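# Inside the fold
In case you want the letters, here they are:
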Amino acid sequence: FSVAPILALETSCDETACAIYDGVRGLLAHSLHSQVKLHAEYGGVVPELASRDHVRRVLPLARAALAEAGLKPTELGGIAYTAGPGLIGALMVGGAAAAGLAEALGLPLIPVHHMEGHLLAPMLEPDPPAFPFVALLVSGGHTLLVDVQGVGRYRLLGESLDDAVGEAFDKTAKLLGLPYPGGPELARLAEGGVPGRFKFPRPMTDRPGLDFSFSGLKTAVLTALPKDADAQTKADLARGFEEAVTETLAIKCARALDETGHRRLVIAGGVGANRRLRARLQELAQRRGLGLYFPRPAFCTDNAAMIAYAGWARRADGRAAHDPLLTRARWPL
Ligand code: KG4
Ligand code: ZN
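Residues numbered from 1 in each chain as written. Chains lettered and ligands numbered in written order. Predicted model: local features only at pLDDT ≥ 70, side-chain atom pairs only at ≥ 80, totals over all residues.

### Here's the deal with the environment of H118
By secondary structure assignment, the location of H118 is in helix α4 (residues 114-120). Between the C-alpha atoms of H118 and A231, which are 113 residues apart in sequence, the distance is 35 Å. (Helix = DSSP H or I, 4+ residues; strand = E, 2+ residues; numbered from the N terminus.)

What follows is the structure, given as structure tokens:
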């Protein structure tokens, strides 16, 4: 079953992105405009500014993607877009643009769940995982462990009861005086940190279950942070925080693999770009002889390639797209 190329728009947060995916030729185009500079002076994403910038960027990006792919709009087979979860105003920009394009071109409109996009991102890599697998999705808004049986067949195994991992990284980075976006900055700072100087708790690993809690960890860092902390102390704190997070995630991944009996582990979402986390899970996979899969770093953080793939996979599967809906700020996977 072949499907003409799918063009996808991603505008759920602070990146405007467009991509085109085709089942035979693969990824034909992908482009992204990051709003990091726009939000940096506010120390976080300002939703209204994000929406306005998406309006400015989205159609030029779509035009550029078509040019990169060497396609005419009439050669497309559908328009996918991130329908949620995310910032509602930002989502509506992509949703409205996608709906307009689909209407004008007489193409199906394919709403995609942002986390399904993250979950399927490793499918864009040269050695994609077969089903079933356990997916650890770690982004700024979500921390999910999912039993993945196939496209659209997801069972939630565990999630964060408070802060998402990325959120914990960002808030802890702020405590340490690092600029937004804090996650990658904290990871960089931790490189020079002394391991073991600060030992933080591994939340919720001492009891059964696959849920997470990360809000206490930033408080633990705050409590350990001296008033006039020098640069080395901050690096050591960052290192201790990163180690507590990666160890906690590794313990829960091992548990999820035991529980499901799956032999493959996928890690995706923005925090999936973290090198220490990758190394720690690599170690787990090697020790157990498991397959470990993660997208290239650029496809861990938000992008439209993963949305184009998910939109294409839903159509190719003969699976109905989600119910017609424009956008949803909150949306369970
Ligand atoms: O998936 P993503 O781009 O957006 C959401 O869907 O939320 O994830 C963004 C999150 C942010 O919290 C960011 O700080 C974090 O991923 N992040 C990292 C790294 N790169 C991005 N956290 C730790 N280490 C990194 N290298
Ligand atoms: Zn995301």
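### What to know about the UniProt feature "domain: Gcp-like" (unreviewed entry) in the protein
The feature "domain: Gcp-like" (unreviewed entry), as annotated in UniProt, sits at residues 27-309 in this numbering. Taken end to end, residues 27-309 is 48% helix and 17% strand, and its two terminal C-alpha atoms sit 8 Å from one another. (UniProt positions renumbered as here; feature names shortened; annotations may be inferred.)

### Side note on helix α7 (residues 215-224)
Considered for burial, the residues of α7 that qualify are L217, K218 and V221. Projected onto a plane normal to the axis of α7, the buried residues spread over an arc of 100° and lie on a single side. Those residues of α7 that are exposed and aimed more than 90 degrees away from the buried face are T219 and T223. (Buried ≥ 20, exposed ≤ 12 C-beta atoms within 10 Å, placed from the backbone. Arc of directions from axis to C-beta.)

### Considerations on the sheet that holds strand β7 (residues 143-150)
Across a sheet, strands are paired by hydrogen bonds formed along the backbone, either parallel or antiparallel in direction. Pairing is mixed across the open sheet formed by five strands, whose spatial order is β8-β7-β6-β9-β10. One side of each edge strand has no neighbouring strand; the edge strands of this open sheet are β8 (153-159) and β10 (291-293). Neighbour-to-neighbour, the strand axes of this sheet turn through a mean angle of 20°, independent of strand direction. Of the strand pairs in this sheet, strand β9 (residues 264-268) and β10 are connected by three bridges, and their pairing is parallel. Directly across from R264, in β10, lies its bridge partner G291. This element, helix α9 (residues 275-288), spans β9 and β10 of the sheet and lies at about 160° to β10. (Pairing = 2+ DSSP bridges. Axes fitted to C-alpha atoms, helices over the stretch in contact; angles between N-to-C directions. Contact = placed C-beta atoms within 7 Å.)

### Some words on the sheet that holds strand β4 (residues 78-84)
Across the sheet, five strands lie side by side as β3-β2-β1-β4-β5; this open sheet has mixed pairing. Single-partner strands in this sheet number two, and they are β3 (26-34) and β5 (109-113). Pairwise comparison of adjacent strand axes, ignoring direction, gives a mean angle of 20° for this sheet. Alignment of strand β1 (residues 6-10) against β4, held across four bridges, turns out to be parallel. Counted as the bridge partner of I6 is G78 from β4. Seen against the sheet, helix α3 (residues 88-105) touches β1, β4 and β5 and runs at an angle of roughly 160° to β4.

### A word on unusual backbone geometry
Of the consecutive residues F131 and P132, the connecting peptide bond is found in the cis state with omega at -5°. Within the element layout of this structure, P132 appears in the loop between α4 and β6 (133-138). A cis geometry characterises the amide bond from Y180 onward to P181, with omega recorded as -5°. Mapped onto the elements of the fold, P181 is located in the loop between α5 (165-175) and α6 (182-191). You will see that M204, though not glycine, has its phi angle at about 65°, which is positive.

### Regarding α3
Compared with an ideal rise of 1.5 Å per residue, which puts 18 residues at 26 Å, α3 spans 25 Å between its outermost C-alpha atoms and is within 8% of the ideal. Every buried residue of α3 is listed here: A90, L91, M92, V93, G94, G95, A97, A98 and L101. Directly after α3, the chain includes G106, whose backbone phi takes a positive value near 65°. (Expected span 1.5 Å × (residues − 1).)

### A word on the site of ligand 1
Around ligand 1 sit 19 residues in total, of which S139, G140, G166, G183 and G270 are the nearest. No other element matches α6, which puts four residues into the shell around ligand 1. (Near = placed C-beta within 6 Å.)

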